[in-house]
2 protein chains.
Amino acid sequence: MEWTRAKRYQPYTAYSAATLLALQQQAADSPAQLRYHIRPRSGLLNDPNGFSYFNGEWNVFYQSFPFGATHGLKAWMRLTSPDLVHWYEHGLALQPDTKFDSHGAYSGSARAVGDRLFLMYTGNHRTATWQRQPYQLGAWLDQKGQVTKLAKPLIEPPAAVSEHFRDPQLLQVGSTYYALIGAQTASDQHGAIWLYQAPAAVGPWQAVGPVDLGEATLGYMVECPNLVEVDGTPVMIFCPQGLPKQVAAYQNIYPNMYVSGTAFDYQTAQLSQPSALNNLDAGFDVYASQAFNAPDGKAYLISWVGLPDLTYPTDQENWANCLSQVKELHFHAGHLYQQPVAAMKTLRQTEHSFAGPVTTIAATAGQQLELQLTIAADQTGTLYLAADDTLTHGLQLNFDTRTGQLEVDRGQTAQVPAPEYGTTRSVAVPAHQPLQLRIFLDHSLAEIFVNHGAEVVTLRYFNDQAWGQIAFAQPTQVTGKWWPLQL
Amino acid sequence: MEWTRAKRYQPYTAYSAATLLALQQQAADSPAQLRYHIRPRSGLLNDPNGFSYFNGEWNVFYQSFPFGATHGLKAWMRLTSPDLVHWYEHGLALQPDTKFDSHGAYSGSARAVGDRLFLMYTGNHRTATWQRQPYQLGAWLDQKGQVTKLAKPLIEPPAAVSEHFRDPQLLQVGSTYYALIGAQTASDQHGAIWLYQAPAAVGPWQAVGPVDLGEATLGYMVECPNLVEVDGTPVMIFCPQGLPKQVAAYQNIYPNMYVSGTAFDYQTAQLSQPSALNNLDAGFDVYASQAFNAPDGKAYLISWVGLPDLTYPTDQENWANCLSQVKELHFHAGHLYQQPVAAMKTLRQTEHSFAGPVTTIAATAGQQLELQLTIAADQTGTLYLAADDTLTHGLQLNFDTRTGQLEVDRGQTAQVPAPEYGTTRSVAVPAHQPLQLRIFLDHSLAEIFVNHGAEVVTLRYFNDQAWGQIAFAQPTQVTGKWWPLQL
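Here the residue numbers are simple positions, counted from 1 along each chain's written sequence. Whichever chain is written first is A, and whichever ligand is written first is 1; the rest continue in order. Side-chain atom pairs in this predicted model are given and counted only at pLDDT of 80 or more, local residue features only at pLDDT of at least 70, and totals for whole chains, interfaces and linings cover all residues. As a rule here, side-chain values cover all heavy atoms of the structure and leave hydrogens and water aside.

1. A closer look at the interface of chain B and chain A
Item 1. Here, two residues are considered to be in contact whenever any of their heavy atoms come within 4.5 Å of each other. Counting from both sides, the interface comprises 32 residues of chain B and, opposite them, 32 residues of chain A.
Item 2. A side-chain nitrogen of Lys or Arg and a carboxyl oxygen of Asp or Glu constitute a salt bridge if their distance falls within 4 Å. At the boundary of chain B and chain A, one finds zero salt bridges.
Item 3. What qualifies as a polar contact is a pair of N or O atoms within 3.5 Å, subject to a donor-acceptor requirement within protein and to the restriction that residues adjacent in sequence count only when both atoms come from side chains. Summed over the shared surface of chain B and chain A, the result is 16 residue pairs in polar contact (both at pLDDT 80 or more).
Item 4. Of all the secondary structure elements, the ones that give two or more residues to the side of chain B that touches chain A are α2 (17-29), β3 (75-81) and β4 (88-94) of chain B.
Item 5. In this classification, the charged set is Asp, Glu, Lys and Arg, the nonpolar set is Ala, Val, Leu, Ile, Met, Phe, Trp, Tyr, Cys and Pro, and all remaining amino acids, among them Gly, are polar. For the side of chain B that touches chain A, the class distribution of residues is 14 nonpolar, ten polar and eight charged. Numbering of helices and strands runs from the N terminus, with a helix taken as a DSSP run of H or I at least four residues long and a strand as a DSSP run of E at least two residues long.

Set out below in structure tokens:
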């Protein structure tokens, strides 16, 4: 089927329940389907939305087009969790059912206000001539999961920005509410982040102005801005589209980056002493990350693992993409660290350990596992993951702990997504030092935490599920453990 | 909406995807919804089907009408598990899409044959004049989850039985296949179980004849026959409808019973030295249980928790019923024992223990937990579960370890299902002995294992989810532990 515009935007009532049941079955039966990450029940998943703590549970939503692997008419799907690891699917939460979100309930954030969760999101409206009109909208989610939308937009597009104005992050400082909104300037089509403020979540909202991150250009558009305080340091996480590679090097079609500073001034919208732009993730597929400061005092991050304008092999099975695991953020010596949350350990099944000069770690480990290992200093070699018997196919981690280099190569996997953006990603690590890796595999997703989260390499990969070998190309001095993971 | 016959039997294509998404959300958001048991994704769930081991995983299916809490057009939904506790939903598996199952893909069983799973089930067909025509049908499920139906029925209704002829259990003894089928005799409308045999699962099938269980009457119909060998003892589990209460006492609208013997002769369809009829479960809501002898040498049981012709409070939320946890069967001294499978312990979170004269075990334990306790001999009292602060509302377990009696009372819960069939169920336990209980709560389901599975009391209950107290009415000499359960 060709996804014409008309088909992508037809209402959910235009599809039959039989079609949806078949799509749900097809996604569930996919060999590449994830088991312990958030994945679409059917169709396409993109940005995480509304990552928050409410009513004694963690909440996250995701952008969903339930009817195929294409960016059609979007809704929010909701999940809740007691521990940021075990997620319960509530299903449809925010539907595109008003004039203001007629062409999609697009991305946004959420924050507990009183005994309800306030959702602030972008309504995508298209005129009869297909002009995009973005509205920043509000809705209440009550403790029973019922959504009540506000009758009118919170923020209309300002004159200074183009039709690209979306992805509000709702913040609260004292009794004042703020919103960061991704934008493109109308005059010269440059990426920007606009700051708004209001005395209440429901408004009235007033523009403070564009945020100053100290960079002359943020490309032609900024999506998904998130300001989060990490161990006292303000960190702005965002997705600059069209960013010149001389500003910051990246290989993905669009990067997800962050800038840290010493303080963020909400009156002037200025980040003091901004750092250079840094890639949030050193892998192939992270985008549209959402971070927030939780009531437990920690900063958490969750990401879309998928990129705009790319195709993935499961498109053929009518589903696409997933969310990353939730990561706990820390800031130390000018650097952002990302670590698995503590409850990830509850997924571990039987522990297997290894030490010494090792070649094969496990011949049939499968692809639903956690692997922790420390490769001794001053070695070079290759670690294969999800590999076949002969190590011909698999993910390759090429390491050099003499010079300090780690390269992740998905070029020898069964189906390589987007090879035009390269099949390897590299991370510099300390030379002449042991290399510590904590790796999670979930059938078609790999998350590689390098040196306790100093870097994370996240990627989708598509291998035969029978390829379950973990092995080095040659004997390697290493210690470690691995566990099959449950659910 | 009134569920007219026409509405109940319209094709799944007659419903919109928007309707199904709303039903799935409504079921997920229900406060009564189960979290670690198999439950309907939407609509009504009834019999477990095809409980089997295939392709390295446990498989179970359930009868589903996805569009409301009514017995409409049925399909099979599939789930798989590595451990009989953590279930992965595959969704729709067997659809009512041929002439032979045009009015429902009704209950049946499954068995691995070669590298495929053979499904043997009842196709429900209605003629233009609404005459029921049951066909015993076959289908293959391959390792990718794809179903291929056989073109023709395996067994046509024999002349000796009425239109009520269904629920085949597929068995294999050596190289011969057998099927037990629930039936009603045509001549005098009595319940019966028919035995068939075949050289292969696909047939040709030939009648051996009605099974002799040593009882003069099995009521007017027998549903869901299952023959399972438990520690060397053949046990026939079945649902006799309209069974005279002088044959065997029961309080539920229809009982789920078992008869044990010393041997089952497949040539004569006779159970040697049959026991009296026994209730399989001492509670309110167990029906349509499926048992099978697994490749690991054990016998496992799973049940529908729900009864035909009854309504439940969640009908108002357009969903109904669930499956029990899987139980491991044992046979000892003429008695069937049912125990949780070992992996149920993997759900346990923080352990809480108690001992001595105890009144309140936990004030806010919630309703997703396991509770193990031993009440000392020669005491009388009441244990409240899922109770409010004042112990006015809750499940009541009235025990008397002097005379040896345990009564489960759901009369003081918020919404009492089917009170016309009584609000209490009683179990005799040894007098002057400690009473050992292992209790699982899952929001609206209680499973109470008495004295290491000598009896099981299974029931749905419907309380405010804020009622999380576990307490005795007065200080009670007891030792025990409890755990919140995950997922």
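2. So, the relation of the copies chain B and chain A
Item 1. Least-squares fitting of chain B to chain A yields an RMSD of 0.0 Å, with the superposition described by an axial translation of 0.0 Å and a rotation of 180 degrees. The two molecules are tied by a two-fold rotation axis, judged by turn and shift.
Item 2. Of the residues that chain B buries at the interface, 100% are likewise interface residues in chain A, meaning the two copies contact each other through the same surface. A residue counts toward the fit only if its pLDDT is at least 70 in both copies, and the copies are then superposed by least squares on the C-alpha atoms of those residues.

3. Brief notes about the UniProt feature "domain: Glycosyl hydrolase family 32 C-terminal" (unreviewed entry) in chain A
Item 1. UniProt positions are given in the numbering used here, feature names are shortened, and annotations may be inferred rather than shown by experiment. The residues that UniProt annotates with the feature "domain: Glycosyl hydrolase family 32 C-terminal" (unreviewed entry) are residues 347-472 of chain A.
Item 2. The span residues 347-472 of chain A carries 0% helix and 53% strand; its end-to-end C-alpha distance comes to 25 Å.

4. Some remarks on helix α2 (residues 17-29) of chain A
Residues three or four positions apart in an α-helix share a direction because the helix packs 3.6 residues into each turn.
Item 1. Given a helix with a known number of residues, its expected span is that number minus one, times 1.5 Å. For α2(A), which comprises 13 residues, the first-to-last C-alpha distance of 18 Å matches the rise-based estimate of 18 Å (1.5 Å per residue) to within 8%.
Item 2. To sort residues, take the accessible area from a 1.4 Å probe on protein chains only and compare it with the maximum for the residue type: under 20% means buried, over 50% means exposed, and anything in between is partly exposed. Burial in α2(A) covers these residues: Ala17(A), Ala18(A), Leu20(A), Leu21(A), Leu23(A), Gln24(A), Gln25(A), Ala27(A), Ala28(A) and Asp29(A).
Item 3. Buried positions along α2(A) lie against β21 (319-320) of chain A together with α2, β3 and β4 of chain B.
Item 4. Its side-chain oxygen at 3.2 Å from the backbone nitrogen of Ala18(A), Ser16(A) defines the N-terminal cap of α2(A).

5. Things to note about the packing of aromatic side chains
Item 1. Planes of paired rings set the category: under 30 degrees apart is stacked, over 60 is edge-to-face and the rest tilted, where pairs are Phe, Tyr or Trp rings (Trp by its six-membered ring) whose centres lie within 6.5 Å. Enumeration according to the criterion identifies 42 aromatic pairs over all chains in this entry.
Item 2. Between Phe165(B) and Tyr196(B) the ring centres are 6.2 Å apart and the planes differ by 55 degrees, which places this aromatic pair in the tilted class. One end of the pair, Phe165(B), is in strand β9 (residues 161-173); the other, Tyr196(B), is in strand β11 (residues 191-198), with 31 residues separating them in the sequence.
Item 3. With a centroid separation of 5.9 Å and 90 degrees between ring planes, the pair formed by Phe399(B) and Phe472(B) is classed as edge-to-face. Linking Phe399(B) in strand β28 (residues 395-400) with Phe472(B) in strand β34 (residues 469-484), this pair joins segments that are 73 residues apart in sequence.
Item 4. Residue class for Phe472(B) comes out buried when judged on its relative accessible area of 0%.
Item 5. Through pairs of rings, three or more aromatic residues link up here, namely Trp3(A), Tyr12(A), Tyr15(A), Phe65(A) and Phe67(A).
Item 6. In this scheme, Lys NZ or Arg CZ marks a charge over a ring once it lies within 6 Å of the ring centre and within 35 degrees of the ring normal. Sitting over the ring of Tyr250(A), Lys245(A) keeps its end group 4.9 Å from the ring centre.

6. Looking at the UniProt feature "domain: Glycosyl hydrolase family 32 N-terminal" (unreviewed entry) in chain A
Item 1. Mapped onto this numbering, the UniProt entry annotates "domain: Glycosyl hydrolase family 32 N-terminal" (unreviewed entry) at residues 37-340 of chain A.
Item 2. Secondary structure across residues 37-340 of chain A comprises 0% helix and 55% strand; the distance between its end C-alpha atoms is 13 Å.

7. Considering the domain arrangement of chain A
Residue and element names in this part refer to chain A.
Item 1. Annotation of chain A at the domain level lists domain 1 (5-27 + 34-343) and domain 2 (348-484).
Item 2. Each side of the interface is counted separately: domain 1 has 32 residues, and domain 2 has 33 residues.
Item 3. Approximately 2,700 Å² of surface area, both sides summed, lies buried where domain 1 meets domain 2, with 58% of it carried by carbon and sulfur atoms.
Item 4. Arg410 serves as the salt-bridge partner of Asp285, at 2.9 Å between the closest nitrogen and oxygen.
Item 5. Viewed at the interface, domain 2 and domain 1 are joined by 15 residue pairs in polar contact (both at pLDDT 80 or more).
Item 6. For the side of domain 1 that touches domain 2, the secondary-structure elements that each account for two or more residues are β22 (322-323) and β24 (335-340).
Item 7. Counting residues per element, the side of domain 1 that touches domain 2 draws most heavily on β24, which supplies six residues.
Item 8. Here the side of domain 1 that touches domain 2 is composed, by residue class, of 16 nonpolar, twelve polar and four charged. Each domain span listed reflects an automatic or database assignment of domains. Here the buried area means the combined drop in accessible surface, using a 1.4 Å probe, for two parts upon being joined, counting both sides.

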